Amino acid sequence: MKFPYGISDFRRIVSEGYFYCDRTDKIPLLEASDSQLFIRPRRFGKSLVLSMLENYYDVAKANEFVQNFGDLAIGKNPTASRNAYFILRWDFSCVDTTGSIEDIKRALHNHLNVRIESFIRYYVSEGYDLPPVNIKYDDALYSIESLLSSVRTTPYPIYLLIDEYDNFANTIMMGVQNEKSRYNALVHDEGVLRTLFKTIKSSTSGSMFARVFITGVSPVVMSDITSGYNIAENIYFHPKFNDLCGFREKEVRAVIEQISDECAFGTDKMDEALDLMKTYYNGYLFAVGPDEYIYNPTLCLYFLKQFQEMCSYPRKMLDSNLAVDESKLEYMAQIPMGRDLLVAMVQKDHHVTVEDISDRFGIKEMLTDQSKDNAFLVSFLYYFGVLTLAGENPEGEIVLKVPNLVIQSLYVERVQRMLLPEPGDRDDGEFAAKQVYQKGEIQPLCDFVEYRYFSVFKNRDYRWANELTLKTAFITLLYNDILYIMDSEPEIDRRHADLTMIIRPDKRHFKIFDVLIEFKFITLKDAGLTGEQAKQLSEDALYRMPGVKKALEEGTRQVALYGRKLDSRYSNLRLQKFVVAALGFERVCYQKIS
């Protein structure tokens with residue numbers, strides 16, 4: 001078995017025997033409308049879907065139909081439209097969005113013209129008689145009209161495939177400067193994008209672009225150019241397309257079973273590998289209705305490729321190709337309300353609710369802080385794959401959560417950089433954290449949080465000072481998904497521990513500890529102290545304070561109970577147990593439980 005990691009060429013995948021999860025059964029459903037918009041996060045298989053459609057509908061590939069689709073669902077029940085179109089494909093991720101607006105327009109025109117030239121060369125080489133097409137290198141819209149005039153003399157209409165249509169928004173709007181004027185010039189008035197989609201719309205009504213399939217990451221540009229192109233059906237919320245790109249669990253299990261057989265692993269190892277993939281890569285739901293979460297395909301292929309080749313798991317569970325999504329969290333961190341949302345999402349299984357997911361973003365929402373309410377922020381994170389649907393609550397609101405540990409690690413890294421912007425502080429925090437799981441000593445980390453971390457909180461943050469704030473500080477410093485399965489508030493015998501760090505099964509040979517921490521927070525008001533008075537307390541006086549003493553005693557009982565349950569569940573832990581208590585944002589103390 002070969003895994004097509006980094007390959008999105010459908011023809012190559014099926015002809016060279018690569019692993020492929022058959023989604024051709026969706027083709028009849030996709031034919032229900034002529035123009036469709038499909039949104040999925042980055043690295044979620046959209047380009048492969050386009051390649052599959054390209055091979056299915058391309059008239060020049062009719063003689064390859066059995067080879068490409070004979071063993072797949074659509075091969076057994078093809079539709080009447082198979083191999084009935086010329087295919088024109090654009091990929092806006094290939095368009096350079098740096099430089100001036102004129103530079104961007106020139107790059108777009110160049111891309112469209114190059115694709116038209118490739119279209120002509122391909123179909124002429126395949127034996128199709130096309131009248132000459134006039135290419136204007138400074139006016140691709142003219143070139144499109146000339147191409148359509150040429151194609152009109154043939155019996156075949158065009159199926160237009162557009163990949164990464166929102167590339168302009170994703171790069172310009174996520175840029176450091178957020179240049180509104182450049183983006184406006186592309187999509188508003190007679191901007192080049194608006195005019196381009198007007199051309200597509202008019203050609204669709206004339207039956208030359210008989211079908212259009214558009215993919216992107218977020219419905220940003222389409223909102224701004226909607227008056228130029230308002231005929232695409234949004235299919236990204238439809239339950240029947242929830243798994244169009246992702247992998248189902250039974251598909252992942254079948255592959256794990258085969259690799260386990262090849263590596264001579266037993267059932268326990270097979271279950272272990274599946275559990276690991278489920279923890280890190282599962283959890284995506286893009287529509288309300290389906291009862292099965294799906295796996296990120298790029299991350300799965302990254303894992304499976306090494307698992308097969310080395311009979312071991314990847315050292316890092318996060319594929320570096322996905323790490324670029326962290327830039328979206330950086331964008332969020334610059335928004336006043338976004339900061340608090342990011343901090344909250346560091347907690348595993350933290351849920352947020354909105355009345356509904358926005359189905360379009362405009363430039364005003366993207367650039368104006370005042371318009372960025374909670375619904376905007378949550379919808380934005382949903383589209384970029386760092387939040388996913390978790391169903392509906394009894395009040396009919398949409399519930400969303402962080403999909404998995406890979407995505408949670410992105411939140412942790414962004415929050416750490418947001419609260420500790422200086423690299424030296426982060427290095428010192430990492431060193432203090434290592435003392436916990438390498439030596440079983442938590443004092444250096446408590447000192448770091450008290451003297452360095454808490455100093456970044458402003459006076460206004462006292463309104464939100466609570467156990468969650470304390471836990472967030474420790475999680476962002478201790479988080480390590482190379483060595484550990486990190487779990488915030490895991491359920492243990494119907495109760496929830498605050499933080500567990502269980503060594504990954506393939507890392508148990510290292511000389512490190514499993515970690516269990518319970519957090520307690522005592523407000524200055526409850527303690528009857530001012531911040532300055534709390535700072536002046538001696539260590540002995542701090543521990544003798546009634547509120548602190550009570551919190552540590554309560555935490556000790558909880559940790560002892562959770563520790564016994566964890567030892568029973570895993571049987572091979574080297575567990576270090578702690579209770580950490582904070583007095584406001586001034587003092588941090590702890591109790592180590594033997």
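Residues numbered from 1 in each chain as written. Predicted model: local features only at pLDDT ≥ 70, side-chain atom pairs only at ≥ 80, totals over all residues. Heavy atoms only, no water.

K.L.:
Tell me about the pattern of salt bridges, residues and numbers included.
P.N.:
Across all of its chains, the model carries 24 salt bridges by this definition. Linking Asp425 and Arg452 is a salt bridge whose minimum nitrogen-to-oxygen distance equals 2.7 Å. With Asp425 in helix α20 (residues 423-439) and Arg452 in helix α21 (residues 443-453), this pair connects stretches of sequence that are 27 residues apart. Relative accessible area serves as the criterion here: at 23%, Asp425 is assigned to the partly exposed category. Arg452 sits in the partly exposed class, given a relative accessible area of 31%. Connected through salt bridges with shared partners, the residues Arg23, Lys26, Asp243, Arg248 and Glu251 form a single ionic network. (Salt bridge = Lys/Arg side-chain N within 4 Å of Asp/Glu carboxyl O. Helix = DSSP H or I, 4+ residues; strand = E, 2+ residues; numbered from the N terminus. Buried < 20%, exposed > 50% of the residue type's maximum accessible area, 1.4 Å probe, protein only.)

K.L.:
Run through the nonpolar core, naming residues and quoting values.
P.N.:
Core analysis: the largest hydrophobic core is formed by 181 residues, its most contacted members being Phe92, Leu193, Tyr281, Tyr411 and Phe474. Ranked by the residues each element gives to this core, the list is headed by helix α19 (residues 405-419), at 9 residues. Each residue touching Phe474, except ones within four places of it in the same chain, is listed here: Ile442, Leu445, Cys446, Val449, Phe519, Val580 and Val588. The next biggest cluster of nonpolar side chains, apart from the first, holds 21 residues, and it includes Leu552, Leu566, Leu573 and Val579. (Core = buried A, V, L, I, M, F, W, Y, C linked by side-chain atoms within 4.5 Å. Contact = heavy atoms within 4.5 Å.)

K.L.:
So what's going on with the packing of α19 against helix α22 (residues 467-478)? Which residues, and what values?
P.N.:
Interaxial distance between α19 and α22 falls to 9 Å at its minimum, and their mutual angle equals 105 degrees. By the angle between their directions, the pair α19 and α22 is classed as roughly perpendicular. Counted together, Val412, Val415 and Gln416 of α19 and Thr472, Ile475, Thr476 and Leu477 of α22 form the full contact between these two elements. Along the lines of polarity and charge, the residues of the contact of α19 with α22 split into 4 nonpolar, 3 polar and no charged. (Axes fitted to C-alpha atoms, helices over the stretch in contact; angles between N-to-C directions. Parallel < 35°, antiparallel > 145°, perpendicular 65-115°, else oblique. Nonpolar A, V, L, I, M, F, W, Y, C, P; charged D, E, K, R; others polar.)

K.L.:
Got a sec to walk through the environment of Phe92? Specific residues and values, please.
P.N.:
Tracing the backbone shows Phe92 in the loop between β2 (86-91) and α6 (101-125). Classification of Phe92 by relative accessible area gives buried; the value is 0%. Separated by 74 residues in the primary sequence, Phe92 and Asp166 place their C-alpha atoms 7.5 Å from one another. With residues near it in sequence (within four places) discarded, Phe92 still touches Leu108, His111, Leu112, Ile162, Asp163, Glu164, Tyr165, Asn167, Phe168, Leu193, Leu196 and Phe197.

K.L.:
Go over the packing of helix α13 (residues 267-281) against helix α14 (residues 297-310), please, and point to the residues and values.
P.N.:
Their axes nearest at 10 Å, the elements α13 and α14 cross at an angle of 150 degrees. Between α13 and α14, the angle is such that the two are roughly antiparallel. With respect to the hand of their crossing, α13 and α14 are arranged in right-handed fashion. Across from Ala273, Leu276, Met277 and Tyr281 in α13, the residues of α14 making contact are Leu299, Cys300, Tyr302, Phe303, Leu304 and Phe307. Of the residues belonging to the contact of α13 with α14, the class tally is 10 nonpolar, no polar and no charged. (Left-handed = near helix turned anticlockwise from the far one by under 90°.)

K.L.:
Residue-level account of the pairing of strand β13 (residues 514-522), with values.
P.N.:
Counted residue by residue, β13 has 9 buried out of 9 residues, so it is predominantly covered. The alternating pattern of β13 places Asp514, Leu516, Glu518, Lys520 and Ile522 on one face and Val515, Ile517, Phe519 and Phe521 on the opposite face, and all of these are buried. Across 9 bridges, the pairing between β13 and strand β14 (residues 575-583) is parallel. When the bridges of β14 are listed, Asp514 appears paired with Leu575. (Pairing = 2+ DSSP bridges.)

K.L.:
Before we move on, could you go through the confidence of the model for the protein and cite the residues and values that matter?
P.N.:
With 91% of its residues at a pLDDT of at least 70, the protein reaches an overall mean of 88. Averaged pLDDT values for the elements of the protein fall to 58 in strand β10 (residues 491-492) and rise to 97 in helix α3 (residues 46-57). (pLDDT = per-residue confidence, 0-100.)

K.L.:
Can you explain the state of the cysteines? Please cite residues and give values.
P.N.:
If you walk through the whole model with that rule in mind, you get 1 disulfide. Through a disulfide, Cys263 is tied to Cys311; the S-S separation comes to 2.1 Å. Disulfide Cys263-Cys311: torsion about the S-S bond near -85 degrees, hence left-handed. Remark: Cys311 occurs in the loop between α14 and α15 (326-333) and Cys263 occurs in the loop between α12 (249-262) and α13; sequence separation between them is 48 residues. A relative accessible area of 14% places Cys263 in the buried class. Distance from the sulfur of Cys245, which forms no disulfide, to the nearest cysteine sulfur (Cys21) is 11 Å. (Disulfide = S-S within 2.5 Å.)

K.L.:
Please give an account of α6 that cites residues and values.
P.N.:
Relative to the 36 Å expected for 25 residues at 1.5 Å per residue, α6 spans 36 Å between its end C-alpha atoms, a close match to the ideal helical length. One or two positions beyond α6, positive phi appears at Gly127, with a value near 95 degrees. (Expected span 1.5 Å × (residues − 1).)

K.L.:
Help me get a handle on the environment of Asp567, residues and values and all.
P.N.:
Checked against the element boundaries, Asp567 lands in helix α26 (residues 546-570). Spatially, the C-alpha atom of Asp567 lies 49 Å from that of Thr171, the residues being 396 residues apart in sequence. In contact with Asp567, other than residues within four places in its own chain, are Leu573 and Leu575.

K.L.:
Lay out the sheet that holds strand β3 (residues 158-163) with the relevant residues and their values.
P.N.:
Across the sheet, 5 strands lie side by side as β2-β3-β4-β1-β5; this open sheet has parallel pairing. Here the strands that pair on one side only, and so sit at the sheet edges, are β2 and β5 (233-234). Sheet topology note: the strand β1 (residues 35-39)/strand β4 (residues 209-216) ladder contains 5 bridges and is parallel. Bridge assignment links Gln36 to a residue of β4, and that residue is Phe213. Against the sheet, α6 contacts β2 and β3, and its axis sits at roughly 155 degrees relative to β2.

K.L.:
Go over the environment of Tyr56, please, and point to the residues and values.
P.N.:
Checked against the element boundaries, Tyr56 lands in helix α3. Taking the C-alpha atoms as reference points, Tyr56 and Ser260, 204 residues apart in sequence, are found 34 Å from one another. If we skip the residues at most four places from it in the chain, Tyr56 touches Ile27, Glu31, Phe65, Phe69, Ile74, Pro78, Thr79, Arg82 and Asn83. Looking at Tyr56, its side chain comes within polar contact range of the side chain of Thr79, at 2.8 Å. (Polar contact = N/O pair within 3.5 Å; in protein donor to acceptor, adjacent residues only side chain to side chain.)

K.L.:
I'd like a description of the sheet that holds strand β8 (residues 398-401), backed by residues and values.
P.N.:
With respect to topology, 3 strands assemble into an open sheet ordered β6-β8-β7, the strand pairing being antiparallel. Because the sheet does not close on itself, it has two edges, and the strands there are β6 (351-354) and β7 (388-392). Between one strand axis and the next, the sheet turns through 35 degrees on average, direction left out of account. Bridge analysis of β7 against β8 gives 3 bridges, and the strand direction is antiparallel. The residue of β8 that forms the bridge with Glu392 is Ile398. Along the sheet, helix α18 (residues 374-383) contacts β6, β7 and β8; its crossing angle with β6, the most-contacted strand, is approximately 120 degrees.

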